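# Fold and geometry: a report
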Amino acid sequence: MAVEGTLEGKVALVTGAAQGIGLATAVMLARAGANVVALDLPGANWEPLRNGCAAVGQRLETVECDVADEASWEQVTGVVRRTFGRLDIMFNNAGISGPSRALWDYPVADFDKVMLINCRGVFLGMKCAASLMQSGGSIINMSSVSGLGGGRFLLAYNASKHAVIGMTKVAAVELAERNIRVNAICPAMTETPMMLSLEAGKTEAEIAALRARFAAMIPLARYAQPEEIGAVVLFLASDASSFVTGAALPVDGGLKAQ
Ligand SMILES: NC(=O)c1ccc[n+]([C@@H]2O[C@H](COP(=O)([O-])OP(=O)(O)OC[C@H]3O[C@@H](n4cnc5c(N)ncnc54)[C@H](O)[C@@H]3O)[C@@H](O)[C@H]2O)c1
């Protein structure tokens, strides 16, 4: 599903790039011609990303840090400036789901952690991008269908993904005069380690029932593949979306159309 050559020579930063949607998208960006700065937590396994980019001529830099940590972003800014001197594309993708608990049982420490990573992390990522993007650019923030409505048991996740859409709209308006576009994407269930972790410890029958229950919520009746989310990121990163900014785009198999 790579869009060969459309991002030739651009510099893209992807957070949470060692697995899941971030990994798939980082590989697709490289295959489309972009140089990639990949960010993930210390100790991340970079092998899948290195393998994915191996046959591609583009440059890959990895940085290990926590997106919620302000000081880490100074390090990231330094790496991008020294290595490429500019930034064109920023995909603020890193996030965690937090525990699945009812409001009255939801631990405050988990609420704070989810907000720090999913919300503060995106805020800091956008600040970094705004300082590095000199002649326009595209910022894509990871929200979720959980940012478009309510639901049960994922209160902090839901709040953080709503906040991502709010921050996206403010940033889109403020950065428009510098020709920096800012959009959010709102995927439904996507087959990644985060999604598959919901199946841990379950029997085969329980897993089948869980998958069937989720699929039944989606008109296209299946999970997304990470590359189907990456394809939308590439669209928003490219000039094909040159008049799109401030949008919160569902990528959800029709879930939110119902
Ligand atoms: N999988 C889905 O169904 C789904 C649906 C909608 C939105 N999303 C969102 O997409 C994004 C990626 O999800 P995924 O399913 O690929 O998850 P994943 O858990 O498979 O991958 C997330 C990556 O982010 C990294 N990460 C987590 N916290 C970090 C931090 N503090 N600093 C730096 N890196 C960090 C992890 O190490 C991991 O490599 C998340 O923001 C998630 O909320 C996922």
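Here the structure is shown first, and the text comes after it.
Since the structure is predicted, the reported quantities are computational estimates derived from the model, not experimental observations. (Residues numbered from 1 in each chain as written. Predicted model: local features only at pLDDT ≥ 70, side-chain atom pairs only at ≥ 80, totals over all residues. Heavy atoms only, no water.)

### A look at the pairing of strand β5 (residues 137–142)
Applicable threshold: The buried label goes to any residue with under 20% of its type's maximum accessible area, the exposed label to any with over 50%, and the partly exposed label to all in between, with areas taken from a 1.4 Å probe on protein chains only. Comment: elements are numbered from the N terminus, with helices defined as DSSP H or I runs of at least four residues and strands as E runs of at least two. Following DSSP output, two strands are said to pair if at least two bridges run between them. Viewed with both strands pointing away, a crossover whose connecting path from the first strand over the helix to the second turns clockwise is right-handed.
Counted residue by residue, β5 has six buried out of six residues, so it is predominantly covered. Here β5 shows a buried face lined by Gly-137, Ile-139 and Asn-141 and a second buried face lined by Ser-138, Ile-140 and Met-142. In the sheet, strand β4 (residues 89–92) pairs with β5 via four bridges, with the strands oriented parallel. From the neighbouring strand, Met-90 faces β5, where its bridge partner is Ile-139. Crossover handedness for the path β4 to helix α4 (residues 108–132) to β5: right-handed. Where β5 meets strand β6 (residues 180–187), six bridges bridge the pair, whose relative direction is parallel. Paired with Ile-139 across the strands is Val-182, a residue of β6.

### A look at the packing of α4 against helix α5 (residues 155–175)
As a reminder of what qualifies: An axis is simply a line fitted to the C-alpha atoms; with a helix, the fit covers only the stretch in contact. Between two such axes, the angle follows the N-to-C directions and lies from 0 to 180 degrees. Oblique is the label for every angle not falling under 35 degrees (roughly parallel), over 145 degrees (roughly antiparallel), or within 65 to 115 degrees (roughly perpendicular). It is the rotation of the near helix from the far one that decides the hand of a crossing: anticlockwise by less than a right angle makes it left-handed, clockwise makes it right-handed. Note on contacts: a residue pair is in contact if any heavy atoms of the two residues lie within 4.5 Å. The nonpolar class holds Ala, Val, Leu, Ile, Met, Phe, Trp, Tyr, Cys and Pro. Asp, Glu, Lys and Arg form the charged class, and all remaining residues, Gly among them, are polar.
Interhelical geometry of α4 versus α5 gives an angle of 15° and a closest axis separation of 8 Å. If you check the angle between α4 and α5, you find them roughly parallel. You can see that α4 and α5 cross each other, and the crossing is right-handed. Of α5, the residues touching α4 (which contributes Phe-111, Val-114, Met-115, Asn-118, Cys-119, Val-122, Phe-123, Met-126 and Ala-130) are Leu-155, Ala-156, Tyr-157, Ala-159, Ser-160, Lys-161, Ala-163, Val-164, Met-167, Ala-171 and Leu-175. Here the residues of the contact of α4 with α5 sort into 17 nonpolar, two polar and one charged.

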